[in-house]
Each structure stands twice: as structure tokens, then as C-alpha cells.
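Architecture at a glance
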Amino acid sequence: MHDEFLMGNEAIALGALAAGVNVVCGYPGTPSTEVLETVAKRRDGSVYVEWSVNEKVAMELAGGASYAGARALVTMKQMGLNVASDPLMCLEYIGVKGGLVVLVADDPGPISSQTEQDTRSFAAFSKVPLFDPSSAEEAYRMVQEAFDFSEKYRTPVFLRPTTRVSHGYASIRIRDPEEYTVHKPEGFEKDSSRWVIFPRLSFANHRRIEERNALLHDVFSDSPLNRIEQETGLPKDIRKGIAAGGFSYTYVMEARASLGALRTLKVSTPFPFPEKLAVTFLSGLDEVLCVEELDPYIEKELIYICGKYGLKTRILGKMTGHMPLSGENSRDSVQAAVAAFMNIHLPAEPAEEPPPLPVRPPVLCAGCPHRASFYAVKQAMKGQKTAFCGDIGCYTLGNAMPLDMVDTCLCMGAGLGIAQSLNRLEKDRSCFAFVGDSTFFASALPGVVNAVYNQAEFTLVVLDNSTTAMTGHQPHPGTGHTMMGEVVEKISIESILRGIGVSAVETVDPLDHALAVETVRKTAALPGVKAIIFRSPCVALFRSSAQVTIDPAACIGCKKCIREIGCPALSFRDGKAVVDAGQCNGCTLCKQLCPVKAITGGESHA
Amino acid sequence: MRKNIILCGVGGQGTVLASRLISSAAMARRIPVLSAETIGMAQRGGSVFSHLRMGEGLYSPMIARHEADLMIAFEPGEAVRLLPFLKQDGRMIVSSRAVMPVTAALSGTGYRPEEMLAYLSSRVAGLTVVDAEKALQEVGSPKVLNLILLGAALRSGALGLDPEDLKQAVRRLIPEKFHELNFRALDYKA
């Protein structure tokens, strides 16, 4: 054993390795990404790791590995679980052989997601047991326990950290590699009565699953993972308690330390719920406050248990207006809610009026090629009736002023379908769907096939920066290398599109502004499905030292460079545009649009 | 020893590495550390923070309002934003240099860092303003603001660590060719 300072996601990865995991696969997504990256960094040669093309494929790989008796970990964010839900729903009915842990990171806030969906509710829906860690240390232990549990009960198991657990750091005592469990897969055994899902099998297994989960209510009630922290040092007539799970439990424990220790139920396995333990917790209490994020999950379970066992305890939480319905909890919000629940008056905050603070929405990096791509399309389509359908990734930031180039954004790959429909209903509207290179492989292909087959009309724009940028630069099928460190043939986006039958496929460097505009103009005017690939590498990966300079004597202070492209390296001081040398990457987009040629230097593109 | 430290700034300024250096130094002294920080979309030019807590018996890595013993602010506006987290008698180290958001460049208004610094000095008794422009020039690299601020925090006494603790952390976490530069930044005195 030794101590390490680890991010929650790193702790989960090392826990999985300590449990003898054989196969790890997934698709990047904040806040889950570092789990797989850490496995890749810290594994020994016997562990197979890959970034799969999307979460559905990753889930199917993990299922296959488990069929062969391997221990498998599949990682994704909560949005990815939607993509993987088809195989997972069925896997629960089929059951597993090798331990299968499904790591899904939820994102209260949301901080970097489209929805505030709650994987605990998905667990109840899919009938898959779920472990809900409240710290990095607990996540390290839980992932190991989850593998044993999965094999014992022949079911996939969710491990669900939230952003603060995944991205929090703690000094943790962990096993040395020599102490790792060694798990040897037995191999696949043919048995069509087990591995082939048919209605008759589903009927039989459905009953088996319900019986098992009923048993797990008791198993989890006796598990030390779920526990009651007793009340201490409070007057006898306080008949109140708190139920909490996930990261919110740490907020509750901090509030207990400062406000007084109410009886507290920690729920680490929200599904199946530790019912007997909850009854013990509830007995003798008049009121319980539920402290949790996302859905009122524990709250509803406790209300159900009160009804089932005829308990008179009043359950308070999100549905009674005692806790916020959406967003993240915080130390202060939980402290305030618990104080109010205990009738403790906290001193009011003095009213402060700081000077107006700068607003800092996230922006595309200085020199980001996406800025140039959006600007080229914007210039080319000026004055025409258009729709710009965006997608999930760095390029969602193309919505910011002054670019203002994202009219819709729904989920990965959705822009293609939306663009097809917008044009079908208004034939005079020129529709564009923007996808990144990783998103193209992950979820755009069915949309392209659909468009060509159904004779749709729109322009597909692939923003190819040769990486999965927003999540921290993961490789994908177009990058030519894998997570196992192999150099492989790059899969060509152009060849795929031509193979499907896209009529025109143009590739252009977006940083050559005049040519980019001309390419968009010509291509968008063609009938049917056509594609433009803007290819230029991510500036965060390939930094340039060739920065531009602005000659103050030549600058006329027209602000065109600032007004048109919104580059964070450009600002305006004393009537002149100035460039921040610390940020400029020499993309020269500003140089190309300066009307008086006051900007020089940078990389050569034209 | 229990200490709550907040580092804040704008994505890309190096707050994460600074936080990691403090954690590593504390760990080497066998002090338990919990921390949390901004990762993801906000790193692209947004407001970012690290919460860092040292000591026994802590549950949450997050710091509550009026709980921070020390705040290391890489940017004056961000210092004001997170000021409510600082204890009444807490120490603050702040860089004088503003990072202008794109929104400010667009509207042409910007914000005035002097106003922020004036607001801070009227409210924070233990305030140290670091003239970043001058310091970076004298140390000779635009990239070491984090080590310069850490140095100022060390000398304020509020970090509870010795210079040698942090130098060891630099040796552990930063490639050797940058050691000399980082030590110079850490030792820099205005």
C-alpha cells in the first residue's frame, strides 16, 4: 500500500486495475474522461484499453468481454448512457459472466452537459444496481467491490460519481501493483439458451431480476456502504433527521460539524434501495430532510417506504420546496437548508456591492481554426436565408458573439437530422450541419446515409482539427493512433463521404480565408447533400510561435478585427487594436481581414 | 494544522499547477489534502478556481463562504468575485494584471482593474498586490505568474509551508529544464 494524491477519476481507474480489470473501453465526456486515460497510463501490458467510436459500441465491447469471463469497465458521461442504453437494457436481461462495471459520471449544474439527468433514476428504470460514491476514496473502494458484486449477482453494475467526486482530489491509500487481484478470463462458452435474447428468455429473466433486486434491498441494508450516523449532543426533543447520498453527503457532514449532528442516513446504493435500514432510520423521526442533487430520488424512495410501512415521518426535499429543484448543491446552500430545517438562524450576509464584475463566457481559443471556419461560412452566406445547425464540442462555442453561428444545438449528431428537416420544410433555406471530426465518427454517419438515401438537401461541414478537443485531446479513428499506442491507418472522412454517395466533397484550410469563403459559396450552391471539410489542427495541440504584430502607426482603430471574429488575443486600447502575445497563435485571420494591412507576421496559410 | 486555500483566475493562467504544487508539498509533510477545481468548458477563457483543504477530519473538498484562510488570485476581477469565501482576517495575494474578457473588447467598455484593487484594499486587511507586469519582466518569462504568486504566499506566512517544501514539489512535478526559472520566480521579491 502507498499514498497518492489522486483525482476521483484516477482513483476509480486505479481501483479497477487493483480489481484485476481486463478490458476498459469508453467514449470521452466530461466529467468521466480521466478514468480511461488513467487506465491507459497506469495499466500493465495485459489490460486492453480503447477509446471506442461511441458509447453504444463501447457498451457492446464490454458486454462481449464479460461473456468471455473478463472483468470489464466501460466509461462515459451521463449523456453517453443515452447512446449506450440499448445494449445496456438488454445486457441486464441477459446477465454477465465476468464482472461488468458501467462508469457513468453525472453532472449536476449542469457544468458541461445538455441535461441534468440522474443515472440513479436510470438504474431503477434499467434494473441495474448502482453504487453512488461521495468521495474519491470511497469511489476507489466501491469500484473494487462493484466487480465482485457484478459477478456474484450476474448483473452489470453502475458506478455513478458526479462532477465533484470525479474531479475532486484527495490523498488516498492505494494498493501497490504487486497487490493487485489477478483475474483470468475463462473464455467464451457457447450456450444459446444463455446468450441469445428471445422473448421467452426475457420473460424468465425478468422474473429472476425482480426477485434478485428484492433480495438486494436486504443485502444493501446490511452492507456497511449504507449507514446511519447517530445524532449526538442534541436535545432529546429534536426528532429530525437527514438523508443524503453522493457528494451532497460531504456537505451534510460538514454542516453536522458546525450546526449539530442530526441522525443521518447515508445512501450509497440508491438502487436497490436499502429499505430495512431506511425503516430503522425513520423510526422515531417526525421530519427528514433529503439532501441530494438532480432527481428527488432518495426523497421519493423514503415517501414510498413511509407509505409501505405506515410511517408518519414527513419527508422534505425538492418536492416540498425545501431544496432547489435543479442545479448543484454547495457547502453554503446545504448549510443554509440544514440550519433552516433545525430552526437555527444564521447571521445574515452583509449586503456588499462590488464594482461590476467582468463576464467571462467560455470562448474559442485564440487561433482556433473553428473560428475561421465559422467566419468563412458566415461571410459566404451573408444575406441568404440560412440555418446553422451546431453540435456538441468546442465548436458549440461558435454561438458566442460576434460569430453567432450556432442556430441549433441538441445532442451529438443531431444537427444533420435537424438540417435535413429545416430544408425540407423551407426549400429556400440553405441549411448547414456542423460536426467535429470525433463527432463525425461517433454519431454523424447514419445521418449522412439517411440524407443521401432520402434525397435531402444540406451542407455538411466537418470541422476537422485532428483530435477530440473539448474533453482534452483524445485520439479517434481519424487520428492514426490508438489508446494502446499503436500507429494505424487513418480513416479518411473524405473517402467515407464519397463512398456513401455525397455529391461534392471539398477539403480546405479554414485559415486561408479567401479560398475558404469561395469554397463554401460554390459548394453550398450545389443541389443535394454536399460536404466541406475544414482541416486545420487544434491550436492547443500544435502551438505556433509565429505571432502577429499590429503596427500602431498603421492601425486606424476601425475595430474590424475585434468586431468580426471575437478573438481573445485581440483587445482595444487607446484607440488601437492590440494583440496579447501570451495568447496569439499566429492564425492570421485578423491579418487577412484588416482593411489597412496593419497586421503582420504569423503563420503562412494562403 | 488546518488550512483552506482558494486559488482563482482565468482559464489558462496556471492555477491548477499552483494548486498541485501546494498539495504535493503538503502531502510530503504527511498532511491530508482535499481539493477540487474547474475542469471542462470553463477552462476556455472562463473563470476558474481551485479549492484546497489541508488537515485532519475534513469531509468535503469544497470551501464555504468566509472559510478561506488564504486566497491566491491570479486576476483582480476574479479576486473580487470570490472574495466572499475569504475569512474576515484572511490573507489575499492578488496579481495586479487584468485579463480582459472578449466581451469587454467587443463592447469597448472593458472593466477597470484599479477599481477592483481599490475595492479589495478597502476590505482585505491582509492584502498583498503583486505587480505582475514588473515581476514577469524581471524574472524574464511571461509563463511563471503562478510561481511568483506562490512565492508571495509563502512569504506572507499564510501558506504554512517552507520555500524548500515547494521547491521539492517543483522538482517532483515540473520538468528539470524549467526548475531554475521556477525557483527564480518563487524567490522573486518586488
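Analysis parameters
- Residues numbered from 1 in each chain as written.
- Chains lettered and ligands numbered in written order.
- Predicted model: local features only at pLDDT ≥ 70, side-chain atom pairs only at ≥ 80, totals over all residues.
- Heavy atoms only, no water.
- Helix = DSSP H or I, 4+ residues; strand = E, 2+ residues; numbered from the N terminus.
- Rg over C-alpha atoms; globule rule 2.2 N^0.38 Å.
- Buried < 20%, exposed > 50% of the residue type's maximum accessible area, 1.4 Å probe, protein only.
- Contact = heavy atoms within 4.5 Å.
- Areas by Shrake-Rupley, 256 points an atom, 1.4 Å probe, with all protein chains shown as cover.
- Lys, Arg positive; Asp, Glu negative; His and termini not counted.
- Charge placed at Lys NZ, Arg CZ, Asp CG, Glu CD.
- Pairing = 2+ DSSP bridges.
- Axes fitted to C-alpha atoms, helices over the stretch in contact; angles between N-to-C directions.
- Right-handed = clockwise from strand over helix to strand, strands pointing away.
- Expected span 1.5 Å × (residues − 1).
- Phe/Tyr/Trp six-rings, centres within 6.5 Å; stacked < 30°, edge-to-face > 60°.
- Lys NZ or Arg CZ within 6 Å of the ring centre and 35° of its normal.
- Polar contact = N/O pair within 3.5 Å; in protein donor to acceptor, adjacent residues only side chain to side chain.
- Core = buried A, V, L, I, M, F, W, Y, C linked by side-chain atoms within 4.5 Å.
- Domains from an automatic or database assignment.

Turning our attention to the overall build of chain B. A count of helical and extended segments in chain B gives eight helices and six strands. Compactness check: chain B gives a C-alpha radius of gyration of 16 Å against a globular reference of 16 Å for 190 residues, within 12% of the reference. Dimensions along the principal axes, computed over C-alpha positions, put chain B at roughly 50 × 40 × 35 Å. The buried share of chain B, reckoned over its 190 residues, is 61%. In chain B, of all internal contacts separated by at least 6 residues, the share reaching a separation of at least 24 is 61%. Accessible surface computed for chain B: about 7700 Å², of which carbon and sulfur atoms make up 52%. For chain B, the distance from the average site of its 23 positive side-chain charges to the average site of its 18 negative ones is 3 Å.

In a beta sheet, neighbouring strands pair by backbone hydrogen bonds and run either parallel or antiparallel. Residues and elements named next belong to chain A. In space, the five strands of this open sheet follow the order E9-E11-E10-E12-E13, with mixed pairing throughout. The sheet is open, and its two edges are formed by strand E9 (227-229) and strand E13 (314-316), each paired on a single side. Strand-to-strand twist in this sheet, taken as the mean axis angle between neighbours without regard to direction, amounts to 25°. Sheet topology note: the strand E12 (residues 287-291)/E13 ladder contains three bridges and is parallel. When the sheet's bridge partners are listed, leucine 289 is paired in E13 with leucine 316.

Quick look at unusual backbone geometry now. Residue and element names in this part refer to chain A. Here the residue pair threonine 30 and proline 31 is connected by a cis peptide bond, since its omega of 10° sits within 30 degrees of zero. Position of proline 31 relative to the elements: it lies in the loop between strand E2 (23-26) and helix H2 (34-42). With an omega of 0°, the peptide bond between methionine 401 and proline 402 qualifies as cis. Here proline 402 shows up in the loop between strand E14 (386-389) and helix H15 (414-425). One non-glycine residue, glutamine 455, lies in the positive phi region at around 60°. By the secondary structure assignment, glutamine 455 is in the loop between helix H16 (437-453) and strand E16 (458-464). Its relative accessible area of 63% is what places glutamine 455 among the exposed residues.

Here we come to the pairing of E16 of chain A. Residue and element names in this part refer to chain A. Most of E16 sits inside the fold, with seven of its seven residues counted as buried. What you see with E16 is no split at all: Phe458, Leu460, Val462 and Asp464 on one side and Thr459, Val461 and Leu463 on the other are buried throughout. With five bridges joining them, strand E15 (residues 430-436) and E16 adopt parallel strand pairing. Bridging from a neighbouring strand, phenylalanine 434 pairs with valine 461 of E16. For the crossover from E15 across H16 to E16, the handedness is right-handed. Examined bridge by bridge, E16 and strand E18 (residues 529-535) share seven bridges and lie parallel to one another. By the bridge assignment, phenylalanine 458 is partnered in E18 with valine 529.

Across the sheet, which stays open at both edges, the eight strands sit in the order E1(A)-E8(A)-E2(B)-E3(B)-E1(B)-E4(B)-E5(B)-E6(B) with mixed pairing between neighbours. Among the strands making up the open sheet, the edge pair consists of strand E1 (2-7) of chain A together with strand E6 (126-130) of chain B. Neighbour-to-neighbour, the strand axes of this sheet turn through a mean angle of 20°, independent of strand direction. With six bridges connecting them, E1 of chain A and strand E8 (residues 169-174) of chain A associate as antiparallel partners.

Residue and element names in this part refer to chain B. A rise of 1.5 Å per residue sets the reference length of helix H6 (residues 145-156), with its 12 residues, at 16 Å; its end C-alpha atoms lie 17 Å apart and thus fit the reference within 8%. The buried fraction of H6 amounts to 10 of the 12 residues, a majority that puts the element mostly inside the structure. Regarding H6, the residues found buried are Leu145, Asn146, Leu147, Ile148, Leu149, Leu150, Gly151, Ala152, Ala153 and Leu154. Looking one or two places after H6, you find glycine 157, whose phi comes out positive at around 85°.

Residues and elements named next belong to chain A. The tally for this structure, following the rule as stated, stands at 15 aromatic pairs over all chains. Taken together, a centroid distance of 5.4 Å and an interplanar angle of 80° make the contact between phenylalanine 131 and phenylalanine 149 edge-to-face. Placement of phenylalanine 131 in strand E6 (residues 130-131) and of phenylalanine 149 in helix H6 (residues 136-153) is noted, with a sequence separation of 18 residues between them. The same class applies to phenylalanine 131 as to phenylalanine 149, namely buried. Residues phenylalanine 247 and tyrosine 251 carry aromatic rings whose centres are separated by 5.2 Å and whose planes lie at 85° to one another, so their mutual orientation is edge-to-face. On the basis of relative accessible area, phenylalanine 247 is assigned to the buried category, the value being 3%. By relative accessible area, which is 2% here, tyrosine 251 ends up buried. An aromatic cluster is built from Phe131, Phe149, Tyr153 and Phe220, whose rings are joined through pairwise contacts. It is lysine 240 that lies over the ring of phenylalanine 341; its NZ or CZ is 4.9 Å from the centre.

Residues and elements named next belong to chain A. In this fold, glutamine 420 is placed in helix H15. Residue class for glutamine 420 comes out buried when judged on its relative accessible area of 6%. Side chain to side chain, glutamine 420 and asparagine 450 meet in a polar contact 2.9 Å long. Among all residues touching glutamine 420, those that are not within four sequence positions of it are Gly447, Asn450, Ala451, Ala456 and Phe458.

Before going further, it helps to spend a moment on the environment of glycine 109 of chain A. Residue and element names in this part refer to chain A. Within the secondary structure, glycine 109 sits in the loop between strand E5 (100-105) and helix H5 (119-126). Under the relative-accessibility criterion, glycine 109 is labelled partly exposed at 35%. On a C-alpha basis, the gap between glycine 109 and isoleucine 94 in space is 35 Å, while along the polypeptide they are 15 residues apart. In contact with glycine 109, not counting residues within four places along its chain, are Glu116, Gly327 and Glu328.

Here the focus is the nonpolar core. Grouped together as the largest cluster of nonpolar side chains are 73 residues, with contacts concentrated most on Phe440, Leu460, Leu497 and Phe534 of chain A. The leading source of residues in this core is helix H14 (residues 369-380) of chain A, at six residues. Lining this core are residues from two domains, each supplying at least three of them: domain 3 (369-535) and domain 4 (548-601) of chain A. Excluding anything up to four places from it in sequence, leucine 497 of chain A contacts Phe440, Val448, Leu460, Val502, Val505, Ala531 and Ile533 of chain A. One finds Ala153, Leu154, Leu161 and Ala169 of chain B within the second-largest nonpolar core, a separate group that totals 46 residues.

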